[in-house]
Amino acid sequence: KKRMDRTERESTDESSDETEYVVEKVIDKRYGKNKRIEYLLKWRGYGQEENTWEPLENLDCKDLINEYESRHGAKSQTKRRRNLKSTGEEEDDDIDNNCMAMIEKKYSPELVIGMTDYGGQLAYLVKWEGSSYATLMSSKLARFECPNLLIDFYEKRTSWSQLNPPPEQHGMEKED
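Values in this document were obtained by computation on a predicted structure and should not be read as measured data. (Residues numbered from 1 in each chain as written. Predicted model: local features only at pLDDT ≥ 70, side-chain atom pairs only at ≥ 80, totals over all residues. Heavy atoms only, no water.)

Another point: the packing of aromatic side chains. Evaluation of the coordinates by the stated rule reveals six aromatic pairs. With a centroid separation of 5.8 Å and an interplanar angle of 35 degrees, the aromatic rings of Y21 and Y46 are classed as tilted. With Y21 in strand β2 (residues 20-31) and Y46 in the loop between β3 (37-43) and β4 (52-55), this pair connects stretches of sequence that are 25 residues apart. Residue classification places Y46 among the partly exposed residues on the basis of a relative accessible area of 35%. The rings of Y21, W43 and Y46 are connected pair by pair, giving a single aromatic cluster. (Phe/Tyr/Trp six-rings, centres within 6.5 Å; stacked < 30°, edge-to-face > 60°. Helix = DSSP H or I, 4+ residues; strand = E, 2+ residues; numbered from the N terminus. Buried < 20%, exposed > 50% of the residue type's maximum accessible area, 1.4 Å probe, protein only.)

This is the structure we're talking about:
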């Protein structure tokens, strides 16, 4: 399948057997695998449940990408990064770009779902309030953005063992 922008579709022979997809709108941006830029696309004639993430190199809709980028400038992300660095925390750009985009859109972390090793660094899978999205967040950014969620995450997963159980558990009776 080939996906085309609106101008390419007009210049294509309509008798082609290939299904043609036309980008209606660029909705979001993220950094995917191997630091590749991907855009969330709304396809003309399809519902929002059919939106897909597509790598930049597969797209031919520069006008829509430029429109998206002009609406979502990098000003607030730059300011936020400056604030992080002023606190002594440096963010891991590789995984935190998606988190910064969610924060800029006024989403708040709701829940830490899990944790993993990401390129030798600790990262958390974070669900966002009011969204079905979950993204990886570096431990550095998580400590800055959602320390209470990290505490909740660890408290739920901590199991305690008793080194000296009460005497009644050893078959001993209580003394009165």
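Let's shift gears to the nonpolar core. Core analysis: the biggest nonpolar cluster contains 15 residues, and V112, Y124, W128, M137 and A142 have the highest contact counts within it. Listing elements by their share of this core, those giving two or more residues are α4 (93-104), β6 (121-128), α5 (139-145) and α6 (147-157). (Core = buried A, V, L, I, M, F, W, Y, C linked by side-chain atoms within 4.5 Å.)

Right, let's get into the pairing of β6. Examined bridge by bridge, strand β5 (residues 109-118) and β6 share eight bridges and lie antiparallel to one another. Opposite P109, over in β6, you have W128 as the bridge partner. The pairing of β6 with strand β7 (residues 134-138) spans five bridges and is antiparallel. Bridge pairing in β7 places Y124 opposite M137. (Pairing = 2+ DSSP bridges.)

Moving on, we come to unusual backbone geometry. At K106, a residue that is not glycine, the phi angle is positive and equals roughly 75 degrees. Residue position: K106 is located in the loop between α4 and β5.

Further remarks concern the pattern of salt bridges. Per the counting criterion, the structure on display carries six salt bridges. D28 is the partner of K105 in a salt bridge, and the nearest nitrogen-oxygen pair spans 2.5 Å. Separated by 77 residues along the polypeptide, K105 in the loop between α4 and β5 and D28 in strand β2 bring together distant segments of the chain. (Salt bridge = Lys/Arg side-chain N within 4 Å of Asp/Glu carboxyl O.)

Looking now at the sheet that holds β7. An order of β5-β6-β7 is seen for the three strands of this open sheet, with the pairing classed as antiparallel. Each edge of the open sheet is held by one strand with a lone partner, namely β5 and β7. Mean inter-strand twist for the sheet, computed between neighbouring axes without regard to direction, equals 30 degrees. Against the sheet, α6 makes contact with β5 and β6, and its axis sits at roughly 70 degrees relative to β5, the strand it touches most. (Axes fitted to C-alpha atoms, helices over the stretch in contact; angles between N-to-C directions. Contact = heavy atoms within 4.5 Å.)

Attention now goes to helix α2 (residues 62-71). Within α2, the full set of buried residues consists of L64, I65 and Y68. Projected onto a plane normal to the axis of α2, the buried residues spread over an arc of 100 degrees and lie on a single side. Away from its buried face, by an angle of more than 90 degrees, α2 presents the exposed residues K62, N66 and S70. (Arc of directions from axis to C-beta.)

Within the fold, S131 resides in the loop between β6 and β7. Reaching out from S131, the side chain makes a polar contact with the backbone nitrogen of Y133 at a distance of 2.9 Å. Contact partners of S131, with chain neighbours within four places excluded, come to M102 and Y107. (Polar contact = N/O pair within 3.5 Å; in protein donor to acceptor, adjacent residues only side chain to side chain.)

With that settled, the discussion passes to the state of the cysteines. Tallied over the full model, the rule gives zero disulfides. Lacking any disulfide linkage, C146 is separated from the closest cysteine sulfur, that of C99, by 8.4 Å. (Disulfide = S-S within 2.5 Å.)

Moving on, we come to a nonpolar patch on the surface. Judged by side-chain polarity, L111, I113 and L125 come together as a nonpolar surface patch covering roughly 210 Å² of accessible area. Looking at the element boundaries, L125 is found in strand β6. The exposure class of L125 is partly exposed, given its relative accessible area of 31%. (Patch = residues over 30% accessible without salt bridge, like charges linked within 9 Å, V, L, I, M, F, W, Y side chains within 5 Å. Areas by Shrake-Rupley, 256 points an atom, 1.4 Å probe, with all protein chains shown as cover.)

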